[in-house]
Amino acid sequence: PDLNPIENLWAELRKRGNGIKTYKYNALTFIPLNLFEQFKRAANLYFLALLVLQIIPEITTLPWYTTLVPLVLVLGITAIKDLVDDLARHRMDNEINNRKCEVLLDGRFQVSKWMNIHVGDVVRLKKNDHIPADILLLSSSNPNSLCYVETAELDGETNLKFKMGLKVTDERLQEEGQLAQFDAMIVCEEPNNRLDKFTGTMRWRKERFPLDLDNMMLRGCRIRNTDECHGLVIFAGADTKIMRNGGKTRFKRTKIDELMNYMVYTIFVILVLLCAGLAIGNTFWYEEVGSKAWYLYDGKDQTASYRGFLSFWGYIIVLNTMVPISLYVSVEVIRLGQSKFINWDLQMYYQEKDTPAKARTTTLNEQLGQIEYIFSDKTGTLTQNIMAFKKCTIAGHTFGDPANPVDFTWNKYADRKFEYLDHSLVVCIRSKKDKDTLEFFKLLSLCHTVMVEQKEDELVYQAASPDEGALVTAARNFGFVFLSRTQDTITISEMDQEMTYEVLALLDFNSDRKRMSIILRFPDGRIRLYCKGADTVIYERLSPNSKHKEVTQTALDIFANETLRTLCLCYKDISKQEFDAWAKKHKAASVAMSNREAALDRVYEQIESNLMMIGATAIEDKLQDGVPETIAKLAKADIKIWVLTGDKKETAENIGYSCKLLSDDMQIHYGEDVNEKLRIRQANRRDQPPAFGRTRKKVPDPFFPEPGRNALIITGGWLNEILYEKKKKRRRLRLKRLGKRPASATPQDAAQPIDDWEKETRQVDFVNMACECEAVICCRVTPKQKANVVSLVKKYKKAVTLSIGDGANDVNMIKTADIGVGISGQEGMQAVMSSDYAFAQFRYLERLLLVHGRWSYIRMCKFLRFFFFKNFAFTLVHFWYSFFNGFSAQVAYEDWFITLYNVMYSSLPVLLVGLLDQDVNDKLSRKFPKLYLPGQQGALFNYKNFFISLFHGIFTSLVIFFIPYGAFLQTMGQNGEAPSDYQSLAVVMASSLIFTVNMQISLETSYWTFVNCFAVLCSIAIYFGIMFDIHSAGIHVIFPSTFTFTGVASNALRQPYLWLTIILTVGITLLPVICIQFLYKTIWPSVGDNVRPAEEKSTPFQRGRRSRRSAYAFSHSRGYADLIASGRSIRRRPATSYRVGLV
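Model, not experiment: these values are computed from the prediction.

1. Notes on unusual backbone geometry
Step number 1: At lysine 660, a position not held by glycine, the phi torsion is positive, near 65°.
Step number 2: Along the chain, lysine 660 falls in the loop between α20 (649-658) and β27 (666-669).
Step number 3: In this model, alanine 889 sits at a positive phi of 65°, which is unusual for a non-glycine residue.
Step number 4: Tracing the backbone through its elements, the reader meets alanine 889 in the loop between α29 (844-882) and α30 (895-905).
Step number 5: Residue alanine 889 is classed as buried on the basis of its relative accessible area, which comes to 3%.

2. Regarding the packing of aromatic side chains
Step number 1: Following the criterion strictly, the structure yields 57 aromatic pairs and no others.
Step number 2: Centroid distance tyrosine 25 to phenylalanine 30: 5.2 Å. Interplanar angle 85°. Geometry classified as edge-to-face.
Step number 3: On the basis of relative accessibility, which here comes to 2%, the residue tyrosine 25 falls in the buried class.
Step number 4: With relative accessibility at 15%, the residue phenylalanine 30 sits in the buried group.
Step number 5: An angle of 70° between the planes, with centres 6.0 Å apart, marks the rings of phenylalanine 884 and phenylalanine 962 as edge-to-face. Of this pair, phenylalanine 884 sits in the loop between α29 and α30 while phenylalanine 962 sits in helix α34 (residues 943-969), placing them 78 residues apart in sequence.
Step number 6: Look at phenylalanine 884 and you get partly exposed, because its relative accessible area is 40%.
Step number 7: A connected cluster of aromatic rings, assembled from ring pairs, spans Phe879, Trp880, Tyr881, Phe883, Phe884, Phe887, Phe961, Phe962, Tyr965, Tyr982 and Phe1045.
Step number 8: A cation sits over an aromatic face here: arginine 172 above tryptophan 204, 5.9 Å from the ring centre.
Step number 9: Positioned over the ring face of tyrosine 461 is arginine 476, at 5.2 Å from the centre of the ring.

3. A look at the nonpolar core
Step number 1: By size, the foremost hydrophobic cluster in this structure holds 105 residues, and its most contacted members are Leu327, Phe863, Leu864, Tyr893, Phe897 and Leu993.
Step number 2: Counting residues per element, this core draws most heavily on α29, which supplies 17 residues.
Step number 3: If we skip the residues at most four places from it in the chain, leucine 864 touches Ile256, Met260, Leu327, Val331 and Phe941.
Step number 4: Membership of the second largest hydrophobic core comes to 52 residues, among which are Val426, Ala475, Phe480 and Met499.

4. Re empty space enclosed by the protein
Step number 1: Evaluated as defined, the whole model comprises four cavities of 30 Å³ or more.
Step number 2: For the largest cavity, the calculated volume is near 140 Å³.
Step number 3: Lining the largest cavity are 16 residues, with Thr66, Pro70, Asn320, Thr321 and Ile325 positioned closest to its centre.
Step number 4: Counting residues per element, the lining of the largest cavity draws most heavily on α30, which supplies four residues.

5. A word on the environment of valine 627
Step number 1: Tracing the backbone through its elements, the reader meets valine 627 in helix α19 (residues 627-636).
Step number 2: For the pair valine 627 and leucine 661, spaced 34 residues apart in the sequence, the C-alpha separation amounts to 9.7 Å.
Step number 3: The residues touching valine 627, leaving out its near neighbours within four places in the chain, are Leu382, Cys659 and Phe842.

6. Considerations on the pairing of strand β5 (residues 146-150)
Step number 1: Across the five residues of β5, four count as buried, placing the element largely inside the fold.
Step number 2: By the bridge criterion, three bridges tie β5 to strand β11 (residues 222-224) in an arrangement that is antiparallel. Residue glutamate 150 lies in a different strand from β11, and its bridge partner there is arginine 222.

7. Focus on the UniProt feature "active site" (unreviewed entry) in the protein
Step number 1: The UniProt entry lists Asp377 under the feature "active site" (unreviewed entry), expressed in the numbering used here.
Step number 2: Mapped onto the secondary structure, aspartate 377 falls in the loop between β14 (373-376) and β15 (383-394).
Step number 3: Judged by relative accessible area, which is 3%, aspartate 377 ranks as buried.
Step number 4: When residues no more than four places from it in sequence are discounted, the contact partners of aspartate 377 are Leu382, Leu644, Thr645, Lys786, Ile804, Gly805, Asp806, Asp810 and Met813.
Step number 5: At a separation of 3.4 Å, a polar atom in the side chain of aspartate 377 contacts the side chain of lysine 786.

What counts, and where the lines are drawn
- Residues numbered from 1 in each chain as written.
- Predicted model: local features only at pLDDT ≥ 70, side-chain atom pairs only at ≥ 80, totals over all residues.
- Heavy atoms only, no water.
- Helix = DSSP H or I, 4+ residues; strand = E, 2+ residues; numbered from the N terminus.
- Buried < 20%, exposed > 50% of the residue type's maximum accessible area, 1.4 Å probe, protein only.
- Phe/Tyr/Trp six-rings, centres within 6.5 Å; stacked < 30°, edge-to-face > 60°.
- Lys NZ or Arg CZ within 6 Å of the ring centre and 35° of its normal.
- Core = buried A, V, L, I, M, F, W, Y, C linked by side-chain atoms within 4.5 Å.
- Contact = heavy atoms within 4.5 Å.
- 1 Å grid on protein atoms, 1.4 Å probe; cavity = no way out; pocket = protein on both sides within 12 Å on 5 of 7 lines; lining within 4 Å.
- Points joined across faces, edges and corners; volume = space filled by probe spheres on them.
- Pairing = 2+ DSSP bridges.
- UniProt positions renumbered as here; feature names shortened; annotations may be inferred.
- Polar contact = N/O pair within 3.5 Å; in protein donor to acceptor, adjacent residues only side chain to side chain.

In structure tokens, the structure reads:
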């Protein structure tokens, strides 16, 4: 009875196939679906409703094409953009779906397309092949069915990962015939997006075999260093983990976007109020005048109220241009241009890696000019994440003082890229007299999880982290060369003498242990444990008889002050009896079915004790070029920088000093101080009357009333306690270990929040305190905590935030911030793939914000202010004209002028200002960071600026209507005729408006180019050219009802009187603007006018008074211990023949 559901599920899975579909449209759905999406926008829907109103004869006051032409242009441009994007997705899908792969069909492997692969198929993959689906690895040409994969497309990591087939499939499924007979059943989890987890069971030949992620090769990976492998398709197509992770990215909007939408709503409200007022005016006018004038009788028996109602809708049509239809398209064009400028900026191009800057979004550029807080990762973002072995201390002697570069030509295995500057260490090693020095480098060559392969007579190391690779490479150059390993042996060359050691156990690193160990049997039968780890965990496990503890500690402090990453090395000799007893416990823990990791950790603790110190290493993770200067410039722009890192407090603090984020005149506050200050503030709040405490809105007292500069350094553990994420138990345990007593000034429950309101006020207090500091460093924080810190600042400070990082652990933070920046560095490309902007070096952030961000903000603000102004000036002329036409919804201009005004006559100059304008050049923008302040304050575009544009538009429309009206009131032309007809008035007002808006934008332009000049002149020329064409007799003959202004332009514009009227109108509209600009430049200068170079005062270096200990920053993932200690030989076994059943 259970077979039917299984068969149905199997049939459904086989039907789904492996083809992917990321495109949105096809030939049939493009037009309806795209239009549906576009009409979700309120503005487009509004203009569609207007178009419908214009079709109704009783209401319409304008021809339908005045709305249709701009609407079709807007919809068409957007549709073309969407079509281009979707065609690119089509091409990508077709390219991927048509890739070739070998699939087992009818008992033999045949070439098939990816789209034709189904769940349950057996596939054969070769070196450098892309993996087509989520596949269970069955066997490979490597020993133990080992297969190396590159996961750069999946998680951004560039170092190779290994996958391993089950022992049973490795032994029985090597040949084509054996694979054809494979008839196992796989029971596994449902398709999901967890890239780090897979759980399943294989039932085969009455046995069950557990499956996990190490047995799975996921789609998006690529086969490396493996000639051939076979696999079974588990998930295909949309069910694969990479496709399940292709969810929608969080939609980000700029502050200007939100403000712009509110302003459009404001305009709509103003429009409705104006139309209602004019409709009421029409009602009264008809009762008082219209109904009594026999010559105005239209034969319709309609009441005054009904006529007023129709007039309301008529004015909605007439004044519709107050809501700008082309605004959104123009904004998108400007943003696209700004993004291209970022992409083309050669000063943000990193030649060493051929990496240009990349704007991965086109919707956030102006927000780059409003950043208030930057949240930065440390390793790989501020530092290069390229580790170099710099110094070491061995048995109390420190090596590494700079001298001449060491010559390693005596060592045939030496890495030619390796550099070291202290020749005395090489002399000490080559003399072979100092046993401690030899033991030091022997430990480095043996205690690791590095994998090695031979490439063209060169040793190539694959390390789990850059730190570990640097240490093994250092040992290699000093004569202790790691050559090869198997599951139970490791072979090294000790000063040209090859030695093989038996590996008895490998105790791998994890983030809780902060150390790794290896237990070896020497050729002479001795058993020794080698261990390396962070100083804090090693010193707790040293034997009382261990030498050199104090002198090594002193050296560690010196290394820390030099911002080096340190690691302690030690050993322990173990008797055979002690090891045998421990090995039994280790075996029992390694096969435990529940809490296996905890059981292994307890067993590891037992053997890793009473260690003997050998010395310590110091690795340099260099700062990226220009980091201190960039941070200093951004600080002058009033941008606060917070460093959020997973590294140790000491390491992070010292990097803070080296990059000038921290200085010696700062008062540094740690987690304990912060918690105490917050506890006191909370207790004071509780002592206040409940109503008063919860409703007061006054500005809180500062946390640091003393004068001086403050900095905050806090760990992830303290962050949890401060924000009430975890209980206080951990804190009490930590204080107990330090020999302190927890503060108990308040009752036991006083440290915990009473309710959600108190928890929220605690968070507000923490954010306020942190924002009072000039620098904040959060260390030992998880990716989730990084995102939480960013969210807190966004939530309580309403500030614009930017996150910058280079690793997978920064993705959460990058997606949470208003702007996410990815560094294409050593840790892969996942941060870049999740970012809004990407470049290769931290120093480019200065140019991105202070130049491109500031320019984009200024340009967009100027564009929006002028766009609103020109539309108000254009539309409100109809309003003034209404007082002279009985509020009859008669238009003041010719119909085609209304249609083309925003599309052709006034769009290009303002668009170019939005694309090209500069108040100062890029050098001055970087030289004077204070120029960035107006963007942070939102000073250039807000409701104040909006209403200034509104009143400027009202003034301009008044002048444009009433001066020509007054001039036409009593006029006599040269030929004795009075050119005071309605059509001539419309031409004069339209001409005055075109001259006014184009000259107005000329006054607003700060940076003139040939293109700007051409655009202004071209716009005026296009206006006159089109006007004379549509006023010609020829076009009137063809379309008599559409083009009714026959000969008006040529007749009106040959009158000097009317040209003088146009000049007078334009002069009066521009004169107040010129005067106001002059006054602002001289009496109320802007920030740019006030900025002066500040003298740089250099302060002497004072770093000797503090002693800070650094530690090895264990930020890498688990090593290759699971592979090495898998219980199988890494040497190739002879193929064995098995008879298996066919599927």
